[in-house]
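Structure at a glance
Below are the chains, spelled out letter by letter.
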Amino acid sequence: MSRRQTYAAAFVDALLDSMDEDRTVSLIGSAPLGLGPERHLTNQLRDRHPNRVMDPPTAEGGVASVGAGAAMAGVRPFVDLLTGSFVYLAWTQIVNEAANGFYMSGGKLPVPVTYHCLEGVRGAGAPQHSQSPHAMLWNAPGIEIVMPAMASDVYGLIRTAIQSPNPTMVFSHAKILGVESAVSDERAPLPFGKADIKRKGRDVTIVALSIGVHHALEAAELLAQQGIDAEVVDPRTLVPFDEEAVLASVEKTGRLVVVDEMPLRCSSASEIAATVAEKGFQHLKAPVQRVTRPDVPVPFSPPLEQALTPDAEQIVCAVRRITAEA
Amino acid sequence: MSRRQTYAAAFVDALLDSMDEDRTVSLIGSAPLGLGPERHLTNQLRDRHPNRVMDPPTAEGGVASVGAGAAMAGVRPFVDLLTGSFVYLAWTQIVNEAANGFYMSGGKLPVPVTYHCLEGVRGAGAPQHSQSPHAMLWNAPGIEIVMPAMASDVYGLIRTAIQSPNPTMVFSHAKILGVESAVSDERAPLPFGKADIKRKGRDVTIVALSIGVHHALEAAELLAQQGIDAEVVDPRTLVPFDEEAVLASVEKTGRLVVVDEMPLRCSSASEIAATVAEKGFQHLKAPVQRVTRPDVPVPFSPPLEQALTPDAEQIVCAVRRITAEA
Amino acid sequence: MTTDPRAMRWEFLEKMLLIRRFEEAVGRFGADKDFPGHYHLYIGQEATGVGAMAALGEKDRIASTHRNHGHVLARGADPMAALAEILGRDAGLNRGRGGTIHLCDPDLGFLQTSGVVGSVVGLATGGGYACKMLGDGTLTAAFFGDGALEEGIAFECLNIAALWKLPVIFICENNSADAWGMAKGGYPTLVHASNDLRSIPGSMGIEAIRVEGIDPFAVYDAVSTAAARCRAGEGPLFIETMTRRWAGSAPLWPELATGITDIGMATGRTAIGDGPHRDWYETNDPVLRLARELAAEGAEALARVEQIDRQVRDIIETAAQRALASPFPAVETAADYVFAN
Amino acid sequence: MTTDPRAMRWEFLEKMLLIRRFEEAVGRFGADKDFPGHYHLYIGQEATGVGAMAALGEKDRIASTHRNHGHVLARGADPMAALAEILGRDAGLNRGRGGTIHLCDPDLGFLQTSGVVGSVVGLATGGGYACKMLGDGTLTAAFFGDGALEEGIAFECLNIAALWKLPVIFICENNSADAWGMAKGGYPTLVHASNDLRSIPGSMGIEAIRVEGIDPFAVYDAVSTAAARCRAGEGPLFIETMTRRWAGSAPLWPELATGITDIGMATGRTAIGDGPHRDWYETNDPVLRLARELAAEGAEALARVEQIDRQVRDIIETAAQRALASPFPAVETAADYVFAN
Ligand SMILES: Cc1ncc(C[n+]2csc(CCOP(=O)(O)OP(=O)(O)O)c2C)c(N)n1
Ligand SMILES: Cc1ncc(C[n+]2csc(CCOP(=O)(O)OP(=O)(O)O)c2C)c(N)n1
Ligand SMILES: [Mg+2]
Ligand SMILES: [Mg+2]
């Protein structure tokens, strides 16, 4: 059986089921779906578990450290840090504290906290409400990174994140909350580190993350009309990262485009491109291509914002650049 | 004329000359050389300019924001944030505030602050005193990033950093402060964005940063004994980044090894490797190689720390992997 | 700006009305979806911004937050450029890069306007550091909400300002007065355990006073005294200006809940009916309050109030039309201004 | 642990001496370069750690800082495993991954020991959140230095603990007493504008008391009372324990400035000569202070003091030799424990 559901609804379902299943799960930060039209869905959480939904002060560092400390003491908080840019207020708590806990204790102190934020170019977020911290975090060993793209992924990934004995950060792109997709009725936690081939193809591999998956699928349709058969690979988690799946796809197609909506330098797109240039070089028939934002803060003005944000068209261009010469 | 000087001495000379030249330059954080044997050199600064050397509270976020705000109001603070790991306590101040200031104001508000820290695997720093934030920062548009490797670089780069109208972060590796190298008597500010070819060679390009330059030069000597002629390219600044110099070198050698002492994923090594895989693909005769720390926190125990830290030998191995097949 | 108290009242009224009409225009633009994204209006706090700015000198620095419109206008920024910024236009104060949350006018002494709660306290402390270092007798005024005191950065920088005796006036616009003494056990804000926010700067030896934020003269006096002490090298001061939260700021997205301000409610030409906002019109609206006080002085004064309102409406109407008609920045310039050179 | 006050005195002495001899061993290792890097000794604060731990329950949680050795030992950790950790050995409490700054024993209720100043206040607040949620009557005790109150995270989390009435005892070990009333205008620490650190939790409605940190009974009483109130659901409390900074902690790198403790200075067998540390030996050394009080009770007590000292020295000597002889972790395991599974 399958039906359609929004990302936001699947997100809330995952929290509901997690809270029902484990009484040590609580939500710190009661509005993980932001200020948009999906916000009301989170009311279910408070209605069902009024004592396990907390409204903290505006103090992201404090909130993140409370989450980490609580996890060390044996409960499983799901901590919402609001907008991606605000995660930087909690950076030391996540990178220096939560991520190092298990290692630094010699494997004695698990830190089963889950963090969440709404990241990305959300529309009129201007420089300070549009940031995407996931690539920076990928440079911090010790924290699992989850990038759900669709309703069908987010339910199972959040379930796994909360059950995980490790600190985990879930990034939801602010613009995909209302996007519907097919979900099956029997849902279960999804294993981390397993990429999902969102579309099979043989001419080019498009590795895309989060909102990028939507753009990539759209691009693949456009490319199909031009006779180019693109494979869309969604890693779903950056830590652990399914290198095998990416390399296997590139082995088949010989071409790689990586899509990541964030500044270019040291982006996840760069990391994935470098990994393939190192480990899959022999398969590459053309230069790798990265489709990202340029290294510019996100402007408020709508036409400027749009001009700097990756979309399906930019992916099509990138693919054409490396297939034209074939 | 040339003489030999330690990194630390050249560093202090740059601050002295900057403070002499511009009375709006001050030092916030009086121990930028840490607790090691070079510490006393900074006394000169306080002796010469007692009112322009400040000892702030242990409040890295506050200190960084004071630096940014002061710069916006027309002075040029040099703000020391101590250890690389503590920069994460000031992450929002650097990434959300300082880096966005000029852009967000539509080009009306320059932010001429300079930040500094001692980063890297310093020896017994354990997970919380060994971090290297430079790659994460490279993902944040709007801030210049300086990575001096030697006495001959650090003087001119710090002079330029302080004179720059932009926020700039200077990363000194904690282990190179006492390393001597030749410096010329006529020193001047060094332009940003100009790589320095630290050793000419034709078989392989080693791009290395900071302490990695020292390891790379050592590796080049070892490789020379094995008949391999390595070129060592030191970008010196990551922002702006001298892509041309790196691509030109790879065009000549056809092989690339990138050295960066930090966790692999989304490291500067990954960025440079990806850039070459994208823009210099046609020159590459072999897979790119990254020499970094693995994605593991830095353990306290000395043999474990050593095992995880890149050195000349690891660079030699990486070069051999891609020259053996030639 | 005059310092004659009688003349000053009229200047205050004019500025406060300008801000009010401006915000009403923004509210209309917002409702009409003329610009995207979240925004915050200064309605109900006009007396604070206007009273405080009047006490500052031309070379002083200012730092503000997401709720900045009133500060920028009170300081004298061009309403058309401010509106154009909110609309993301090239003629905007910040060439459309910043938008509503980040309006700032560095030519008038503004430092960065940060939308990150708490940051302004740190940036303004830096401003004070620069003022002290330059030694030119200037100071920095920080405007921020009660929420900023939930962030640790505010605490850290109050400490730094106190330690280094920096010339900073911390102006905390506490617009949570409706929550006062309520269910939360008397907490002034929803999420602060402090029963009296002055205790926070107080714990670091910073003198902190509280004034009525709807009375521009009370604010003016407090800031004037603070400024004199700052300039005398006595270090920072903290002023908490109390206002009730405007009904239009209570929902998630601003609404012109109390309607377009009817100056007749001040002049007596419009009766204030019963209804949910009666208290607002009669007591809490700082614009009506000052207008009413002035209009009560006689027919001539009443006419002058009405005339000022007409003038201000004209100014804003013209500014709004020009801003709406002005072009967006050219797409080719999107990557300009990342770095200065 | 007994609750008979007379018996308790002997237990306190034993634990305090154990910590002292342990730290002296660490000091020797440090001077001999048996381990690399910076480190911090708990000498002079033994009474705080021992008194406080005695008041906590077996299931309570604890969080500590860079100056953690005394806390871990006072709670009952194996001295050999603690020393081995400091030496980076595989038999270390944390398998050599943490080292001196990060000693922790989760089996005894320790949360992460953070070397980032201020962090512990946040992590302990999280511990209190868990305790409250689990509803098992436990609490979390945070041990931190006065410096932690310079970091905003401490302020943020005091607020959270107060708002949510979390069972947390914040134990601030203020070892800056020598700076008290000095050149810095009476600031208790070098870099805090607060004249009385209790005013900071006080500003958030957290009851804060100050006790003598060299008196284990004063600390024990204060923590016992606080614990009872925490367990009764009254929310957090703050205890400032005052100690003078041990001379060996004044230089950049620790030195055994006051020598190896001579218990004869407590029993009267060694005369305390004139010299820079006379005050320390006579008044401020908490170990000598308690030993002296006990030894004064008569010949039997005096003999017992000496016997305890011998026992403790044996324990530490054996632990030190075993730790030094124990192997480093295998290099192949360097990447273990990044993630749990
Ligand atoms: C660091 C951070 N966290 C959260 C937010 C979201 N936010 C926007 S306005 C606001 C309330 C701020 O309250 P206050 O400072 O009192 O200002 P007011 O809006 O009441 O004028 C919050 C929490 C933010 N902008 N920055
Ligand atoms: C965030 C951070 N900044 C700076 C340091 C460097 N540092 C190590 S110990 C210390 C002093 C801490 O003072 P206090 O908390 O009073 O502890 P004490 O050493 O006096 O016991 C500092 C600043 C640090 N460890 N963490
Ligand atoms: Mg408010
Ligand atoms: Mg201290």
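In this text, all values refer to a predicted model and were calculated from it rather than measured experimentally.

1. Comments concerning the nonpolar core
- Ranked by size, the top nonpolar core spans 188 residues in total, and within it Tyr115 of chain A together with Tyr115 of chain B carry the most contacts.
- Apart from the residues within four sequence positions on either side, Tyr115 of chain B is in contact with Ala64, Gly67, Ala68, Val79, Leu81, Ile94, Ala98, Ile143, Thr168, Met169 and Val170 of chain B.

2. Some remarks on the pairing of strand β4 (residues 76-83) of chain A
All names here are of chain A.
- Judged by how many residues are buried, β4 sits mostly within the fold: six of eight residues are covered.
- Examined bridge by bridge, strand β2 (residues 25-28) and β4 share four bridges and lie parallel to one another. Within β4, the residue paired with Leu27 across the bridge is Phe78.
- Across four bridges, the pairing between β4 and strand β5 (residues 114-119) is parallel.

3. Focus: the site of ligand 2
- Neighbouring ligand 2 are 19 residues; Glu60 of chain B together with His66, Arg67, Gly115 and Gly147 of chain D lie closest to it.
- Surrounding ligand 2 are residues belonging to chains B and D, so the site spans chains.
- Within the backbone of Val117 of chain D, a nitrogen or oxygen atom sits 3.0 Å from a nitrogen atom of ligand 2.
- With respect to ligand 2, the backbone of Gly147 of chain D contributes an N or O atom lying 2.8 Å from an oxygen atom.
- Protein burial of ligand 2: of its 580 Å² of free accessible surface, 83% is covered by the chains.
- Looking at the shell around ligand 2, its residues break down into six nonpolar, eight polar and five charged.

4. A short note on the packing of helix α1 (residues 7-21) of chain A against helix α7 (residues 151-163) of chain A
Residue and element names in this part refer to chain A.
- Where α1 contacts α7, the two axes come as close as 8 Å, and the packing angle between them is 30°. With respect to α7, the axis of α1 lies roughly parallel. Viewed along their axes, α1 and α7 form a crossing whose handedness is right-handed. Every residue of α7 that contacts α1 at Tyr7, Ala10, Phe11, Asp13, Ala14, Leu15, Asp17, Ser18 and Glu21 is listed here: Ala151, Val154, Tyr155, Ile158, Arg159, Ile162 and Gln163.
- Grouping the amino acids of the contact of α1 with α7 by side-chain chemistry returns 10 nonpolar, two polar and four charged.

5. Quick look at the confidence of the model for chain A
- Averaged over all residues, the pLDDT of chain A equals 97, while 99% of them reach at least 70.
- Of all the helices and strands in chain A, strand β1 (residues 2-6) of chain A carries the lowest mean pLDDT, 93, while strand β6 (residues 144-146) of chain A carries the highest, 99.

6. Some words on the coordination of the magnesium ion (ligand 4)
Residues and elements named next belong to chain D.
- Bound to the magnesium ion (ligand 4) on the protein side are Asp146 (OD) and Asn175 (OD1), at distances that span 2.1 to 2.2 Å. With Asp146 in the loop between β2 (140-145) and α6 (152-163) and Asn175 in the loop between β3 (168-174) and α7 (199-203), this pair connects stretches of sequence that are 29 residues apart. The pair Asp146 / Asn175 is uniform in exposure class, with both members buried.

7. Section: the sheet that holds strand β10 (residues 204-208) of chain B
Residue and element names in this part refer to chain B.
- Read from one edge of the open sheet, five strands run β9-β11-β10-β13-β14, paired in mixed fashion. Of all strands in the sheet, those with a lone pairing partner are β9 (196-199) and β14 (289-293), marking the two edges. Adjacent strand axes in the sheet meet at a mean angle of 25° when their direction is disregarded.
- When β9 meets strand β11 (residues 230-234), the two strands line up antiparallel, connected through three bridges. Within β11, the position partnered with Arg199 by the bridge is Val232.

8. A look at the interface of chain B and chain D
- Chain B puts 25 residues into the contact, and the matching count from chain D is 31 residues.
- Both faces considered, chain B and chain D share a buried interface measuring about 2,200 Å² in area, 70% of it formed by carbon and sulfur atoms.
- Together, Gln128, Phe300 and Leu304 of chain B form the three largest contributors to the area buried by chain B at its contact with chain D, with a combined 29%.
- Summed over the shared surface of chain B and chain D, the number is zero salt bridges.
- Here chain B and chain D share seven residue pairs in polar contact (both at pLDDT 80 or more) between them.

9. Focus on the site of ligand 1
- Residues in contact with ligand 1 amount to 19 residues; listed here are only the nearest, Glu60 of chain A together with His66, Arg67, Gly115 and Gly147 of chain C.
- More than one chain reaches ligand 1: its neighbouring residues belong to chains A and C.
- At a separation of 2.9 Å, an oxygen atom of ligand 1 approaches a polar side-chain atom of Asp146 of chain C.
- Arg245 of chain C has a polar side-chain atom sitting 3.1 Å from an oxygen atom of ligand 1.

10. A word on the state of the cysteines
- A complete count under the given rule lists zero disulfides over all chains for this structure.
- Left without a disulfide partner, Cys157 of chain D is nearest to the cysteine sulfur of Cys172 of chain D, which lies 15 Å away.

11. Re the relation of the copies chain B and chain A
- Overlaying chain B with chain A gives an RMSD of 0.0 Å, the required rotation being 180° about an axis along which the chain moves by 0.0 Å. Look at the turn and shift together and you get a two-fold axis relating the two.
- Most of the interface of chain B is mirrored in chain A, where 100% of its interface residues again form contacts.

12. Brief notes about the domain arrangement of chain A
Residue and element names in this part refer to chain A.
- Domain annotation for chain A reports domain 1 (2-184) and domain 2 (196-323).
- One C-alpha centre belongs to domain 1, the other to domain 2, and the line joining them spans 25 Å.
- Listed as interface residues are 26 residues of domain 1 and, on the opposing side, 29 residues of domain 2.
- Buried area between domain 1 and domain 2, summed over both chains or domains, comes out near 2,300 Å², and the portion from carbon and sulfur atoms is 67%.
- Area buried by domain 1 at its contact with domain 2 is led by Val121, Trp138 and Met147, which between them contribute 29% of it.
- Taken together, domain 1 and domain 2 are joined by two salt bridges.
- Across the pair Arg236 and Asp153 runs a salt bridge whose closest N-O atoms are separated by 3.0 Å.
- At the junction of domain 1 with domain 2, the criterion picks out 11 residue pairs in polar contact (both at pLDDT 80 or more).
- When contributions to the side of domain 1 that touches domain 2 are tallied by element, the ones reaching two or more residues are α6 (134-138), β6 and α7.
- For the side of domain 1 that touches domain 2, the per-class residue count stands at 16 nonpolar, seven polar and three charged.

13. Quick notes on unusual backbone geometry
- A cis amide bond, omega -5°, links Val239 of chain A with the succeeding residue Pro240 of chain A.
- Position of Pro240 of chain A among the secondary structure elements: in the loop between β12 (237-239) and α9 (243-253).
- The phi torsion at Arg95 of chain D lies on the positive side, around 55°, for a residue other than glycine.
- Looking at the secondary structure, you find Arg95 of chain D in the loop between α4 (79-86) and α5 (119-134).

14. A closer look at the side chain of His134 of chain B
Residue and element names in this part refer to chain B.
- Summarising the element assignment, His134 is placed in helix α6 (residues 134-138).
- Looking at His134, the relative accessible area reads 1%, which means it is buried.
- Each residue touching His134, except ones within four places of it in the same chain, is listed here: Glu119, Ile145, Met147, Phe171, Leu209, Leu238, Asp260, Met262 and Ser268.

15. Some thoughts on the pattern of salt bridges
- Enumeration according to the criterion identifies 76 salt bridges over all chains in this entry.
- The shortest N-O distance in the salt bridge between Arg290 of chain B and Glu271 of chain A comes to 3.0 Å. Of the two residues, Arg290 of chain B sits in strand β14 while Glu271 of chain A sits in helix α10 (residues 268-279), which places them in two different chains. We note that Arg290 of chain B, like Glu271 of chain A, is buried.
- In this structure, Lys198 of chain B engages Asp234 of chain B in a salt bridge whose closest nitrogen and oxygen atoms are separated by 2.9 Å.

16. Here's the deal with helix α8 (residues 216-231) of chain D
All names here are of chain D.
- With 16 residues, α8 should reach 22 Å at 1.5 Å per residue; the first-to-last C-alpha distance of 22 Å fits that figure.
- Inspection of α8 places Pro216, Val219, Tyr220, Ala222, Val223, Ala226, Ala227 and Cys230 among the buried residues, and these make up the whole buried set.
- Elements in contact with the buried residues of α8: α1 (5-31), α2 (46-54), β3, β4 (208-212), β5 (237-242) and α11 (286-295).
- The residue sitting at the N-terminus of α8 and contributing the capping side-chain oxygen is Asp215; that oxygen lies 2.9 Å from the backbone nitrogen of Phe217.
- Of the residues flanking the end of α8, it is Gly233, one or two places downstream, whose phi is positive at about 85°.

Definitions and cut-offs
Residues numbered from 1 in each chain as written. Chains lettered and ligands numbered in written order. Predicted model: local features only at pLDDT ≥ 70, side-chain atom pairs only at ≥ 80, totals over all residues. Heavy atoms only, no water. Core = buried A, V, L, I, M, F, W, Y, C linked by side-chain atoms within 4.5 Å. Buried < 20%, exposed > 50% of the residue type's maximum accessible area, 1.4 Å probe, protein only. Contact = heavy atoms within 4.5 Å. Helix = DSSP H or I, 4+ residues; strand = E, 2+ residues; numbered from the N terminus. Pairing = 2+ DSSP bridges. Near = heavy atom within 4 Å. Polar contact = N/O pair within 3.5 Å; in protein donor to acceptor, adjacent residues only side chain to side chain. Areas by Shrake-Rupley, 256 points an atom, 1.4 Å probe, with all protein chains shown as cover. Nonpolar A, V, L, I, M, F, W, Y, C, P; charged D, E, K, R; others polar. Axes fitted to C-alpha atoms, helices over the stretch in contact; angles between N-to-C directions. Parallel < 35°, antiparallel > 145°, perpendicular 65-115°, else oblique. Left-handed = near helix turned anticlockwise from the far one by under 90°. pLDDT = per-residue confidence, 0-100. Donors = N, O, S within 2.8 Å, 3.2 Å for Na, K, Ca; no water. Buried area = accessible area lost by both parts, 1.4 Å probe. Salt bridge = Lys/Arg side-chain N within 4 Å of Asp/Glu carboxyl O. Disulfide = S-S within 2.5 Å. Least-squares fit on C-alpha atoms with pLDDT ≥ 70 in both. Domains from an automatic or database assignment. Expected span 1.5 Å × (residues − 1).

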